[in-house]
Amino acid sequence: MAVEQQARGTAGTARRRSRRDEILEIAVGLFAARGYHGVSMDDIGAAAGVTGPALYHHFAGKEAMLVAALVPVSEGLLAGGRERAAGHPDDPRGALESLIDFHVEFALANPAVIALHLHELDRLPDEPRRRIRRLQRMYVEEWVTVLTALHPGLPDGAARVLAHAAFGLMNSTPFLGGEVDRRRRAELLRGATLAALLAPTDPT
């Protein structure tokens, strides 16, 4: 199912959400499918089944929706990454596996948000964009700490390269088709990422 179709079909799910959350999810799906500039507030209102005044009651505009979508995600990734790493203080292999599990589940559950991060982050005003970049750097450092513990002698800079390479692999979910079911996709992404990060590295 296309991202845009997913966005239109979210209101019937069992999980109870506020109307604001429903509208935001629809907007995220439309942004991911058409691009930020390819979607108007009227498009979002039509997809959500609300009129303009009702839509503006929840959000000042598209920019506010983009901020509301991206900032909490970055905050959640950092909080979750810290929790996973802290759960294995003396076991870097266990910490790495936990981080990978966490990120793969996030990536599979949020392909539209990942697409926005990849393509629309620069649409944000300076302050929220800088905040997101800072949160992202802090999240990367959680991985760097684990990778340097797992591979003694590995420089921090090299660990950052590995972390970003792993994110590229796991964040491929917006581009994956539906021919492989979700469980198998998770297995493949976890296995490939773990294999890449466990591979012997030359610290020089």
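Residues numbered from 1 in each chain as written. Predicted model: local features only at pLDDT ≥ 70, side-chain atom pairs only at ≥ 80, totals over all residues. Heavy atoms only, no water.

To continue, consider the UniProt feature "DNA-binding region" (unreviewed entry) in the chain. In this structure's numbering, the residues bearing the UniProt feature "DNA-binding region" (unreviewed entry) are residues 40-59. Annotated as 75% helix and 0% strand, the span residues 40-59 places its first and last C-alpha atoms 13 Å apart. (UniProt positions renumbered as here; feature names shortened; annotations may be inferred. Helix = DSSP H or I, 4+ residues; strand = E, 2+ residues; numbered from the N terminus.)

So, about the environment of Arg-137. Inspection of the secondary structure assignment puts Arg-137 in helix H8 (residues 126-150). Considering only alpha carbons, one finds Arg-137 and Leu-147, 10 residues apart in sequence, at a separation of 15 Å.

What follows concerns the environment of Gly-45. In this fold, Gly-45 is placed in helix H3 (residues 41-48). For the pair Gly-45 and Leu-55, spaced 10 residues apart in sequence, the C-alpha separation works out to 6.4 Å. Dropping the residues within four chain positions of it, Gly-45 is found in contact with Val-50 and Leu-55. (Contact = heavy atoms within 4.5 Å.)

Now for the packing of helix H2 (residues 19-34) against helix H5 (residues 62-86). The interhelical angle for the contact between H2 and H5, taken along N-to-C directions, is 100°, at an axis separation of 10 Å. Between H2 and H5, the interaxial angle falls into the category roughly perpendicular. Residues Arg-20, Ile-23, Leu-24, Ala-27, Val-28 and Phe-31 of H2 form the contact with H5, whose participating residues are Lys-62, Met-65, Leu-66, Ala-68 and Ala-69. Partitioned by chemical class, the residues of the contact of H2 with H5 number 9 nonpolar, no polar and 2 charged. (Axes fitted to C-alpha atoms, helices over the stretch in contact; angles between N-to-C directions. Parallel < 35°, antiparallel > 145°, perpendicular 65-115°, else oblique. Nonpolar A, V, L, I, M, F, W, Y, C, P; charged D, E, K, R; others polar.)

Turning to the packing of aromatic side chains, a few remarks are in order. By convention here, two paired aromatic rings are described through the distance between centres and the angle between planes. Within this structure, the stated rule accounts for 4 aromatic pairs. Where Phe-31 meets Tyr-36, the ring centres are 5.3 Å apart and the plane angle is 50°; that geometry is what we call tilted. Like Tyr-36, Phe-31 is buried. Judged by centre distance (5.6 Å) and plane angle (15°), the rings of Tyr-139 and Phe-167 are stacked. In this pair, Tyr-139 sits in helix H8 while Phe-167 sits in helix H9 (residues 156-170), placing the two residues 28 residues apart along the sequence. The same class applies to Tyr-139 as to Phe-167, namely buried. Site record: aromatic cluster; members linked through ring pairs are Tyr-139, Trp-143 and Phe-167. Its end group placed over the ring of Tyr-36, Lys-62 keeps NZ or CZ at 4.2 Å from the ring centre. (Phe/Tyr/Trp six-rings, centres within 6.5 Å; stacked < 30°, edge-to-face > 60°. Buried < 20%, exposed > 50% of the residue type's maximum accessible area, 1.4 Å probe, protein only. Lys NZ or Arg CZ within 6 Å of the ring centre and 35° of its normal.)

So, on to the UniProt feature "domain: HTH tetR-type" (unreviewed entry) in the chain. Per the UniProt record, "domain: HTH tetR-type" (unreviewed entry) is found at residues 17-77. For residues 17-77, helix accounts for 77% and strand for 0%, while the C-alpha atoms at its two ends are 21 Å apart.

Counting 60 residues, the largest nonpolar core has Phe-31, Ile-44, Met-65 and Trp-143 as the members making the most contacts within it. Elements with a minimum of two residues in this core: H2, H3, H5, helix H6 (92-109), helix H7 (111-120), H8, H9 and helix H10 (182-198). No other element matches H5, which puts 10 residues into this core. Apart from the residues lying within four places of it in its own chain, the contact partners of Trp-143 are Leu-96, Leu-99, Ile-100, His-103, Ala-163, Phe-167, Met-170 and Leu-197. (Core = buried A, V, L, I, M, F, W, Y, C linked by side-chain atoms within 4.5 Å.)

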